[in-house]
Amino acid sequence: MIRSYFLIATRNLTKNKIFSSINIIGLSIGMAASLLIFQYVGVQFSYDNFHHDGERIYRVQQNRYNEGELSTQWAAGCAGIGPDLKATFPEVEEFVKMHDSNTVLARGEASFREKNIFYASESFFNFFGVELLQGNAEEVLTRPFTLALSQSAARRYFGDEDPVGKTLTQNGRSEYEVTGVYEDFPSNSHMNPDILLSFETYVEFTNEGARTSWEWDGFYTYIKLTPGSSPEVLKEKLPPFIEEKFAESIEQFNANIDFNFQPIANIHLDSDFMYEFKANGDRQTANFLGLIGAFILVLAWVNYINLSTSKSLDRAREIGIRKVMGSYRGQLIGQFLLESIFLNMISVVMAFLLVAVLLPQFNAIAGASITIAAIVTDLSLVLPFGLAILLGALLAGLYPAFVLSGFRPVSVLKGKLATSAKGNSLRKGLVVAQFLITMVLMIGTYTVYQQMQYMNAQDLGVNIEQTLVVMGPRVTDSTYTNQLEAFNVELEREADIESVTASTAVPGSQPDWNAGGIRLLSQDAGQSKQFRIVGVDYDYVESFDLAMAEGRNFSIDVSTDRGAVLFNEAAANHIGFNNIEEIINKEIHFWGDTFKVVGVLKNFHQESLKTNHEPLIFRLIPGASNYYSVKVNTDDLAATIEKVGDAYQGFFPGNPFDYFFLDDHFNQQYQADAQFGRVFGIFAGLALFIGCLGLFGLSTFTAVQRTKEIGIRKVMGASVNSILTLLSTDFSKLVIIAMLIAAPAAWFVMDNWLSSFAYRIDLSWWIFVVPGLVVFVIALLTVSFQTLKAAIANPIRALRHE
């Protein structure tokens with residue numbers, strides 16, 4: 001019996017090549033798209049699920065307040081919170097503390113500027129359960145001037161040599177002994193440290209405040225709770241503890257602080273604070289993409305239902321004859337279910353082939369690093385996906401099976417076959433659902449595109465074009481200031497270099513320097529505020545074409561400007577001046593020193609348009625060593641970069657020449673949104689394609705159903721145009737209904753997405769109409785193929801049996 005079912009299924013596939021191909025293409029594209037999405041989303045949700053005791057590990061996230069208002073939210077908080085939590089609360093079993101390090105490491109002539117290098121406390125390896133390939137976890141980071149290397153870092157510096165016991169030089173001065181080598185962190189980790197320096201070294205470089213201070217921020221702190229302890233209960237115990245530890249600041253500066261405990265597995269999708277290790281994902285986006293994947297898979301099965309029932313008339317006589325010959329309805333249902341499963345299995349194979357072919361392009365668009373091996377071996381994906389396919393194949397096959405097996409043999413063999421109103425309504429409802437989903441996706445894609453265009457077209461208030469940013473040297477000596485001046489003079493001699501300026505931060509990211517306790521001398525300590533600080537030289541304002549709102553720029557001819565600062569308009573408002581003219585020549589208290597405000601800059605976008613203008617203070621630091629911004633002529637860019645590199649290596653030997661272009665750096669802030677838009681657009685296009693396949697099936701079904709009606713109308717004198725209008729109107733109504741339902745749904749989704757942007761487009765009516773018209777025209781063209789075919793058919797062929 002099963003063999004017979006397979007033979008009939010194979011015969012039907014080969015007999016109806018066009019419809020079989022459409023079915024397989026629709027299903028395989030739907031499955032491939034959903035498989036890619038589910039794997040991508042699965043990776044997002046898998047972050048940090050590999051840690052030993054991961055369910056008990058929490059990161060301590062810190063919020064600071066001024067005068068009751070939230071001022072900063074840190075991923076890396078104060079130095080003292082870890083040891084104080086462990087000493088005070090029995091629920092805290094252990095803690096780990098980390099701090100970043102801007103470092104150039106060298107071995108002989110080989111030197112690298114390390115980005116993922118951190119000072120870490122000695123309990124790091126036991127705390128996170130990181131496997132040490134060489135070294136003892138109890139001893140590896142215990143002594144000052146020791147470090148541990150990841151496998152990849154060990155290969156970078158030592159090749160195949162055993163690195164343990166050998167030394168590396170930090171910033172041309174300090175020698176570190178390699179005491180351990182550990183496995184590289186997986187890519188699905190919110191942090192990927194390449195090198196870990198002992199925290200005791202940082203204490204030696206600084207002071208004991210690195211262990212205990214509550215006023216010194218920038219320290220990542222993780223705690224591990226004892227089994228059965230609740231982070232919520234622990235948080236409820238914090239207020240009196242904070243009041244005791246932070247009493248002086250609360251009383252003196254009207255400042256306060258609180259902490260949240262972030263489960264380590266939630267950091268990647270739920271955390272976006274100052275000092276994150278790297279850009280994290282977004283839970284809302286991941287959930288939405290997962291929903292899109294499910295929708296596309298459902299759309300593919302809906303197509304199968306529509307296309308299968310649209311071919312029902314072609315198999316009606318077969319069913320009638322089989323029933324007359326004694327086949328039971330259950331046997332026919334089994335036959336059609338087996339055909340559905342068989343077709344789905346073919347589509348699964350095609351889907352995996354499509355995934356293998358399209359995976360590189362998908363990775364490039366989505367910024368992912370998924371491999372086909374990872375998909376095939378990921379049982380958490382493959383088993384649920386396989387079960388979903390099996391259930392989907394059965395459910396998608398049930399409706400056609402019951403419809404086809406329910407035909408009455410007498411009516412079929414007489415050529416009299418009609419479909420129920422319920423069947424027609426269901427098919428039309430499925431088409432409306434398909435195009436509802438498709439239009440929401442298309443409107444979403446268009447909205448993302450318009451928002452990206454809007455942000456790219458905005459005047460940033462700062463000139464970031466043709467700017468080569470060179471990372472400042474870490475290997476320096478007492479002659480650094482003179483060397484920097486000579487470096488600037490050397491570059492400005494070149495005709496293709498307009499200017500050079502040094503600073504502690506550049507546009508495109510939040511300044512790392514955050515300072516509290518800043519106030520006017522006329523204010524008391526309780527009125528102190530927090531500001532972002534940018535150290536700049538004399539040429540910074542002019543090089544970046546920043547506009548002065550009031551006052552003047554720094555001047556090399558004014559000797560007292562070493563004690564001067566510039567505010568932006570937001571900072572002037574923040575400290576209490578609505579009329580910014582009034583702040584000129586006012587003195588401020590800044591970390592025990594006094595500075596005079598000599599000018600106010602017009603607000604510009606230091607960061608992306610997702611954020612409002614932050615209060616910025618610009619302090620004159622001519623010897624800033626973080627970034628050198630070089631304004632260049634791009635006519636012969638390669639030669640210009642080579643000149644800059646040669647000069648850099650000549651004046652700052654021992655430092656790697658690392659650089660980036662400022663416009664690229666600035667636009668990286670929009671990378672996640674742009675990737676989301678591209679992924680959104682691609683799958684919206686696939687949904688439209690699959691939806692049109694379904695519409696094609698329904699139009700074919702309707703044309704066959706109304707063949708005799710069309711024949712009679714043509715005999716009675718109806719024109720081809722009138723018949724086209726007649727047949728297309730029904731389908732147009734379905735698409736219009738979908739548009740009307742999709743518009744408010746899309747508005748709700750996209751208005752929620754746009755709410756994360758401080759500067760955003762308005763959701764005007766045309767944002768909904770343009771995608772709707774595109775979908776409507778494509779749908780109409782899809783329908784027109786079958787309706788035109790029916791309209792121009794010879795009416796005699798339709799009526800010859802009457």
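This one's a predicted model, so the numbers in the text were calculated from it and none came from an experiment.

Chemist: So what's going on with the overall build of the protein? Which residues, and what values?
Modeler: The number of helices and strands found in the protein is 28 helices and 24 strands. Sorting the 802 residues of the protein into buried and exposed places 51% on the buried side. In the protein, of all internal contacts separated by at least 6 residues, the share reaching a separation of at least 24 is 79%. Accessible surface, the protein as shown: approximately 35700 Å² in total, 56% of it carbon and sulfur.

Chemist: Account for the environment of Ile-296, with residues named and values stated.
Modeler: Tracing the chain through its elements places Ile-296 in helix H12 (residues 283-310). Residue Ile-296 is classed as buried on the basis of its relative accessible area of 0%.

Chemist: Go over helix H2 (residues 17-45) with me, naming the residues and quoting the values.
Modeler: The terminal C-alpha atoms of H2, which comprises 29 residues, lie 41 Å apart, in line with the 42 Å expected from a rise of 1.5 Å per residue. Burial within H2 is extensive, with 21 of its 29 residues counted as buried.

Chemist: Give a description of a nonpolar patch on the surface that names residues and reports values.
Modeler: The grouping of Trp-765, Trp-766, Val-769, Val-770, Leu-773, Val-774 and Ile-778 at the surface amounts to a nonpolar patch, some 610 Å² of accessible area in total. When you line up the elements, Trp-765 lands in helix H27 (residues 765-791).

Chemist: Give me the lowdown on the packing of aromatic side chains, citing residues and values where you can.
Modeler: Within this structure, the stated rule accounts for 46 aromatic pairs. Judged by centre distance (5.6 Å) and plane angle (90°), the rings of Trp-214 and Phe-259 are edge-to-face. Here the residue Trp-214 occupies a position in the loop between helix H7 (209-212) and strand S12 (220-225), and Phe-259 occupies one in strand S13 (residues 255-263), the gap between them amounting to 45 residues. Measuring from centroid to centroid gives 5.9 Å for Tyr-628 and Phe-652, while their planes differ by 35°, and the two rings are tilted. Taken together, the residues Tyr-628 in strand S23 (residues 627-632) and Phe-652 in the loop between helix H22 (637-651) and strand S24 (659-661) connect sequence positions 24 residues apart. By the burial criterion, Tyr-628 is buried, and Phe-652 matches it. Of the aromatic side chains, those joined through ring pairs into one cluster are Tyr-480, Phe-487, Tyr-628, Tyr-648, Phe-651, Phe-652, Phe-657, Tyr-659 and Phe-661. One residue, Lys-97, lies across the ring of Phe-219, its end atom 5.8 Å from the ring centre.

Chemist: Tell me about the pairing of strand S6 (residues 117-120), and name the residues and values.
Modeler: Both faces of the sheet carry side chains from a regular strand, because those side chains alternate between them. Residue alternation in S6 divides its side chains into two sets, Ile-117 and Tyr-119 and Phe-118 and Ala-120, and both sets are buried. Sheet analysis places strand S3 (residues 92-100) next to S6, joined by three bridges and oriented antiparallel. Bridge assignment links Asp-100 to a residue of S6, and that residue is Phe-118. Of the strand pairs in this sheet, S6 and strand S11 (residues 195-198) are connected by four bridges, and their pairing is parallel. Residue Ala-120 lies in a different strand from S11, and its bridge partner there is Ser-198.

Chemist: Any details on the pairing of strand S8 (residues 146-150)? Residues and values, ideally.
Modeler: Of all the five residues making up S8, five are buried; the element is thus mostly covered by neighbouring parts of the structure. Going residue by residue along S8, you find Thr-146, Ala-148 and Ser-150 tucked away on one face and Leu-147 and Leu-149 tucked away on the opposite face as well. Direction of pairing for S8 relative to strand S10 (residues 174-182): parallel, over a ladder of five bridges. Within the sheet, the bridge partner assigned to Leu-149 lies in S10 and is Val-181.

Chemist: Hey, could you go over the side chain of His-268 for me, with residue numbers and the actual values?
Modeler: Inspection of the secondary structure assignment puts His-268 in helix H11 (residues 267-270). Given the relative accessible area of 4%, His-268 is considered buried. Apart from residues lying up to four places away in sequence, His-268 is in contact with Gln-44, Tyr-47, Asn-280, Gly-281 and Asp-282.

Chemist: Residue-level account of empty space enclosed by the protein, with values.
Modeler: Under the criterion given, the structure shown has three cavities of 30 Å³ or more. Within this model, the second largest cavity holds a volume of roughly 70 Å³. Residue lining of the second largest cavity: Asn-568, Phe-604, His-605, Gln-606, Glu-607, Ser-608, Thr-611, Asn-612, His-613, Glu-614 and Leu-616, and that is the complete set. In the lining of the second largest cavity, the residues fall into two nonpolar, seven polar and two charged.

Chemist: Help me get a handle on a negative patch on the surface, residues and values and all.
Modeler: Judged by side-chain charge, Glu-492, Asp-539, Glu-542 and Asp-545 come together as a negatively charged surface patch. With respect to the helices and strands, Glu-492 occurs in helix H19 (residues 480-492). For Glu-492, a relative accessible area of 40% puts it in the partly exposed group.

Chemist: Explain the side chain of Gln-675 to me, using residue names and the numbers behind them.
Modeler: Inspection of the secondary structure assignment puts Gln-675 in helix H24 (residues 671-705). Ignoring sequence-local partners within four residues, the contact set of Gln-675 consists of Ile-365, Ala-366 and Gly-367.

Chemist: So, the environment of Asn-463: which residues are in play, and what are the values?
Modeler: When you line up the elements, Asn-463 lands in the loop between helix H18 (421-457) and strand S14 (467-471). For the pair formed by Asn-463 and Phe-544, sequence separation is 81 residues and the distance between their alpha carbons is 5.0 Å. Discounting chain neighbours no more than four positions away, the residues touching Asn-463 are Phe-544, Asp-545 and Lys-631. Separated by 3.1 Å, the side chain of Asn-463 and the backbone nitrogen of Glu-465 make a polar contact.

Rules behind the numbers
- Residues numbered from 1 in each chain as written.
- Predicted model: local features only at pLDDT ≥ 70, side-chain atom pairs only at ≥ 80, totals over all residues.
- Heavy atoms only, no water.
- Helix = DSSP H or I, 4+ residues; strand = E, 2+ residues; numbered from the N terminus.
- Buried < 20%, exposed > 50% of the residue type's maximum accessible area, 1.4 Å probe, protein only.
- Contact = heavy atoms within 4.5 Å.
- Areas by Shrake-Rupley, 256 points an atom, 1.4 Å probe, with all protein chains shown as cover.
- Expected span 1.5 Å × (residues − 1).
- Patch = residues over 30% accessible without salt bridge, like charges linked within 9 Å, V, L, I, M, F, W, Y side chains within 5 Å.
- Salt bridge = Lys/Arg side-chain N within 4 Å of Asp/Glu carboxyl O.
- Phe/Tyr/Trp six-rings, centres within 6.5 Å; stacked < 30°, edge-to-face > 60°.
- Lys NZ or Arg CZ within 6 Å of the ring centre and 35° of its normal.
- Pairing = 2+ DSSP bridges.
- 1 Å grid on protein atoms, 1.4 Å probe; cavity = no way out; pocket = protein on both sides within 12 Å on 5 of 7 lines; lining within 4 Å.
- Points joined across faces, edges and corners; volume = space filled by probe spheres on them.
- Nonpolar A, V, L, I, M, F, W, Y, C, P; charged D, E, K, R; others polar.
- Lys, Arg positive; Asp, Glu negative; His and termini not counted.
- Charge placed at Lys NZ, Arg CZ, Asp CG, Glu CD.
- Polar contact = N/O pair within 3.5 Å; in protein donor to acceptor, adjacent residues only side chain to side chain.

Spatial relationships are all this shows, so hold off on functional conclusions.
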